[in-house]
Amino acid sequence: MVTQPDPIAYLDRVAVAGSAYKQRLLDALDLRPDHVALDVGCGPGTDLPAMAERAREVIGVDVDPAMVDEAKRRTGHLPVDVRQGDAHALPLADHSVDRARVDRVLHLVADPATVLAELRRVLRPGGRAALAQPDWETLAVDPGSVATNLAFNRFVCERVMPNPVVGRQLARLATAAGLNVTSVEADTQLLDNFATADHLLGLTRNARRAVQAGRLTRRAADAWLADLAAGPFLAAFTLFRVTVSAG
């Protein structure tokens, strides 16, 4: 049986590892003291305090009740309103927010296009949103078998992530939703510690899943993971950042 990480602790570790791109995403929002800002898929509220430092009011939305409770606990002293809700049907009125961020959410939802259409609905005319998504097909690790790395990626993209390459699709999907794309940028995320990468990228747990599914042999998976653990280790993947505005 494959053990899953604690979801709140996992998101906290992701936030630490991704602090550089998160700062760029925050800067892209250009938050101001009179703004109402939205964080779609706010999780345990990791990014809400930084938004609250710059905006008049921040609204966090997450579908998971446990995440909502934790986000409320962490931000109870701040001008933050955390709501339980589905990104496909945001619990906000039309044209009610000035700024919005969607960070590493769209690869998990049922329909990214609907989420982006909802974003367009709740943004005020002239409003801005910053989007960030990894591209799971780009994951490259070293050392270890390149063939196993590629087979691992294919398994994750086909069986684990609902929308594994939505990062590269962001600009097109945003345009189709009626949003104006103002910038498209890509960051290469680097990890040089196997234990950290293993936790954040699910190398061991997804390799075990691939074995269970018959997509990797146990021998190939064990050899690959042993090579990665022996190091020196490097992992890299592409994360796309897209800034959009509402007309």
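Residues numbered from 1 in each chain as written. Predicted model: local features only at pLDDT ≥ 70, side-chain atom pairs only at ≥ 80, totals over all residues. Heavy atoms only, no water.

A. Here's a closer look at the packing of helix H1 (residues 7-17) against helix H8 (residues 194-201). Between H1 and H8, the shortest axis-to-axis distance is 10 Å and the interhelical angle comes to 125°. It follows that H1 is oblique to H8 by the angle criterion. When the axes of H1 and H8 are compared, the crossing they make is left-handed. Contacts between H1 and H8 involve Tyr10, Arg13, Val14 and Ala17 from the first element and Thr196, His199 and Leu200 from the second. Looking at the contact of H1 with H8, its residues break down into 4 nonpolar, 2 polar and 1 charged. (Axes fitted to C-alpha atoms, helices over the stretch in contact; angles between N-to-C directions. Helix = DSSP H or I, 4+ residues; strand = E, 2+ residues; numbered from the N terminus. Parallel < 35°, antiparallel > 145°, perpendicular 65-115°, else oblique. Left-handed = near helix turned anticlockwise from the far one by under 90°. Contact = heavy atoms within 4.5 Å. Nonpolar A, V, L, I, M, F, W, Y, C, P; charged D, E, K, R; others polar.)

B. The layout of surface pockets, seen in detail. When its volume is computed, the largest pocket comes out at roughly 1,100 Å³. What lines the largest pocket is a set of 49 residues, among which Tyr10, Leu11, Arg104, His107 and Leu108 lie closest to the centre. At 6 residues, the largest contribution of residues to the lining of the largest pocket is made by H1. Residue composition of the lining of the largest pocket, by class: 28 nonpolar, 11 polar and 10 charged. (1 Å grid on protein atoms, 1.4 Å probe; cavity = no way out; pocket = protein on both sides within 12 Å on 5 of 7 lines; lining within 4 Å. Points joined across faces, edges and corners; volume = space filled by probe spheres on them.)

C. Here's a closer look at the sheet that holds strand E6 (residues 179-191). Spatial ordering of the open sheet is given by E3-E2-E1-E4-E5-E7-E6, a layout of 7 strands whose pairing is mixed. Where the open sheet ends on each side, the last strands, each with one partner, are strand E3 (80-84) and E6. Taken pair by pair, the neighbouring strands of this sheet meet at an average axis angle of 15°, ignoring direction. Strand direction decides the pairing type here: E6 and strand E7 (residues 234-246), joined by 12 bridges, are antiparallel. Bridging from a neighbouring strand, Val181 pairs with Val244 of E7. (Pairing = 2+ DSSP bridges.)

D. Structural detail: the packing of helix H9 (residues 203-212) against helix H10 (residues 218-230). With their axes 9 Å apart at the nearest point, H9 and H10 run at an angle of 170° to one another. The angle between H9 and H10 falls in the class roughly antiparallel. Packed against H9, whose contacting residues are Leu203, Thr204, Ala207, Arg208 and Val211, the element H10 presents Arg218, Ala221, Asp222, Trp224, Leu225 and Leu228 at the interface. Of the residues in the contact of H9 with H10, the class split is 7 nonpolar, 1 polar and 3 charged.

E. Geometry of empty space enclosed by the protein. In total, this model carries 1 cavity of 30 Å³ or more according to the counting rule given. When residues in the lining of the largest cavity are grouped by element, the largest group, 4 residues, is from strand E5 (residues 123-142).

F. Looking closely at the pattern of salt bridges. Scanning all chains against the criterion turns up 24 salt bridges. For the salt bridge of Asp30 with Arg32, the shortest nitrogen-to-oxygen distance reads 2.9 Å. Owing to a relative accessible area of 28%, Asp30 belongs among the partly exposed residues under this scheme. Several salt bridges share partner residues, and in doing so they unite Lys22, Asp39, Asp47, Arg101, Asp103 and Arg104 into one network. (Salt bridge = Lys/Arg side-chain N within 4 Å of Asp/Glu carboxyl O. Buried < 20%, exposed > 50% of the residue type's maximum accessible area, 1.4 Å probe, protein only.)

G. Layout of the environment of Thr196. Position of Thr196 relative to the elements: it lies in helix H8. According to the relative accessible area criterion, Thr196 is partly exposed, its value standing at 23%. Each C-alpha atom, one on Thr196 and one on Ala17, is 8.7 Å from the other, the two residues being 179 residues apart in sequence. Excluding residues within four positions of it along the chain, Thr196 makes contact with Arg13 and Leu191.

H. Region of the structure containing the packing of aromatic side chains. The full count for this structure, using the stated rule, is 2 aromatic pairs. When the centroid spacing of 5.0 Å and the interplanar angle of 40° are considered together, the rings of Phe152 and Trp224 count as tilted. One end of the pair, Phe152, is in helix H6 (residues 146-160); the other, Trp224, is in helix H10, with 72 residues separating them in the sequence. Classification of Phe152 by relative accessible area gives buried; the value is 1%. Among the residues examined, Trp224 registers a relative accessible area of 1% and is labelled buried. With 5.6 Å between their ring centres and 75° between their planes, Phe194 and Phe233 make a pair best called edge-to-face. Placement of Phe194 in helix H8 and of Phe233 in the loop between H10 and E7 is noted, with a sequence separation of 39 residues between them. Judged by its relative accessible area of 18%, Phe194 falls in the buried class. (Phe/Tyr/Trp six-rings, centres within 6.5 Å; stacked < 30°, edge-to-face > 60°.)

I. A look at the nonpolar core. Membership of the largest hydrophobic core comes to 30 residues, with the highest contact counts inside it found for Leu38, Leu92, Val97, Leu106, Leu119, Leu123 and Leu131. At the level of elements, strand E1 (36-40), strand E2 (57-62), strand E4 (97-103), helix H5 (112-122), E5, helix H7 (166-176) and E7 are the ones that each hand at least two residues to this core. Non-local contacts of Leu131, meaning those with residues more than four positions away in its chain, are made with Leu25, Val102, Leu116, Leu119, Leu170, Phe240, Arg241, Val242 and Val244. Grouped together as the second largest cluster of nonpolar side chains are 24 residues, Leu139, Leu225, Ala235 and Phe237 included. (Core = buried A, V, L, I, M, F, W, Y, C linked by side-chain atoms within 4.5 Å.)

Just geometry here; none of it tells us what the structure is for.
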